[in-house]
Amino acid sequence: MNSPLFIFCLWINLLISSSLTWASPEQDRKQIQAFYQQLFPQLQLADYAQGVYAIDSDAKNSWQAIEEFPPYEFALEEGKALFYRPFNNGARYADCFPNQGIAIAQNYPYWDAQKQSIVTLASALNDCRLQNHLPALPYTKGKITKLLAYMAFTSRGQLIRTIIPEHSPQALNAYEQGKAYFYQRRGQLNFSCASCHIDNAGKFIRSEILSPALGHTTHWPAYRLNTGEMGTLHRRFMACNKLIRAPIDAAQSPALRQLEFFLSYIANGLPLNGPSTRK
Amino acid sequence: MSTIKIRSKRFADYTLVRTLIAHPMETGHNKNNTTGELIPAHFIQTLTFKHNGKVLSQCQMGYGISKNPFFSFKIKSAKAGDKVSISWQDNLAYSDTQEHIIS
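A. Molecular detail of the overall build of chain A. In terms of helices and strands, chain A carries 10 helices and seven strands. Taken against the 2.2 N^0.38 rule, which gives 19 Å for 279 residues, the C-alpha radius of gyration of chain A at 19 Å falls within 12% of a compact globule. Counting only C-alpha atoms and orienting by the principal axes, one finds that chain A spans roughly 65 × 50 × 35 Å. Within the span of chain A, comprising 279 residues, buried residues form 35% of the whole. Of the contacts made within chain A by residues no fewer than 6 positions apart, 71% connect residues no fewer than 24 positions apart.

Now the structure itself:
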């Protein structure tokens, strides 16, 4: 066991773990928010919930016009009906959630110590279905986006409150994994999430302006004008990985949940404004 | 649930009526990703806009219009309490109509 290789591996491990745990999540959050403050001094913290429209005034005008009569209204209406429709056993989605599912989206994702995993709002909806002996819904589009749209709508204006429990190394580890995923370069184009959304935020990529990573989790689900339908946050993550020609992690896979956990944590204090429309 | 949503807003010299319609607007050129078969064309052909029962506009539409289309109409001389109605008919002979009272 004392082979040089083993010692080398140990040293690498120490190096990685020490560099990853260098900053506490709270320090990360402050550092990233300060970074964007310097980059876009004209923006208040709450403005980041508007995503790229906060820094693209032309697109913002058309977005605001769309939001006056938004295309997600049909999904919202159906979502509300679904949310209160009883299952065969008489229970409803609303009964699975604290406060009957109203204005709670800001508390997701959270670390569940019992399950030893991150619970997102979408996974909680499917957990509710499983408890009531119903098959899980697909996580990228369709019915789940409608349910999420209603839950997001009731949570509008709530400030994101993602908590990493103290004395829980597993939760901290999940956060660190999400952070590592964010900064890890991958795929044929060798991009990380940070390449676009930190290093080049606000610059053009072909005709589009790159959005800041801060605020990426505030406005889901979203009606995408490019697909003409509602999609979830994880669907967007998957599209990003496809665009950089990287292996695509499945929606609600541990990797993407960790990424959501990280992004949501650094966006603590931002108001929720989902559901939304995006280009 | 109606497929048509209508909203109106009165300004000093005109009234803006906006409508959002839930419709697939299939062109007939799209393929089903899994089976590779063409999805049959399914699009709105006529859209009728009435004000107090009188036809103000009849739009002849083709498949070049987006899914879940949005339209807005500006009408002069509309008062509170006036009734507008919007109806559509598509190439598969489905149709829907919705009334709205200007507030």
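B. Focus on the packing of helix 4 (residues 73–84) of chain A against helix 6 (residues 143–154) of chain A. Residues and elements named next belong to chain A. Closest axis-to-axis distance for the helix 4/helix 6 pair is 7 Å, and the angle between their directions is 90°. Comparing their axes, helix 6 and helix 4 come out roughly perpendicular. Along the contact surface, helix 4 presents A75, L76, E78, G79, K80, L82 and F83, while helix 6 presents K143, T145, K146, L147, A149, Y150 and F153. A per-class count over the contact of helix 4 with helix 6 returns eight nonpolar, two polar and four charged.

C. Seen up close, unusual backbone geometry. The peptide bond linking W220 of chain A to P221 of chain A adopts the cis configuration, its omega dihedral lying at 0°. Turning to its location among the elements, P221 of chain A is positioned in the loop between strand 4 (208–209) and strand 5 (222–224). Put simply, G274 of chain A and P275 of chain A share a cis peptide bond, and its omega is -10°. Note that P275 of chain A resides in the loop between helix 10 (254–266) and strand 7 (276–278). With phi around 50°, N52 of chain B is a residue other than glycine that occupies positive phi space.

D. How the structure looks around the domain arrangement of chain A. All names here are of chain A. As assigned here, chain A comprises domain 1 (25–69 + 166–278) and domain 2 (73–154). Computed over C-alpha atoms only, the centres of domain 1 and domain 2 are separated by 22 Å. Contacts between the two partners involve 22 residues from domain 1, matched on the other side by 22 residues from domain 2. Here the side of domain 1 that touches domain 2 takes five residues from helix 10, the largest share from any one element. Across the side of domain 1 that touches domain 2, the residue classes break down as nine nonpolar, nine polar and four charged.

Rules used in this analysis
- Residues numbered from 1 in each chain as written.
- Chains lettered and ligands numbered in written order.
- Predicted model: local features only at pLDDT ≥ 70, side-chain atom pairs only at ≥ 80, totals over all residues.
- Helix = DSSP H or I, 4+ residues; strand = E, 2+ residues; numbered from the N terminus.
- Rg over C-alpha atoms; globule rule 2.2 N^0.38 Å.
- Buried ≥ 20, exposed ≤ 12 C-beta atoms within 10 Å, placed from the backbone.
- Contact = placed C-beta atoms within 7 Å.
- Axes fitted to C-alpha atoms, helices over the stretch in contact; angles between N-to-C directions.
- Parallel < 35°, antiparallel > 145°, perpendicular 65-115°, else oblique.
- Nonpolar A, V, L, I, M, F, W, Y, C, P; charged D, E, K, R; others polar.
- Domains from an automatic or database assignment.

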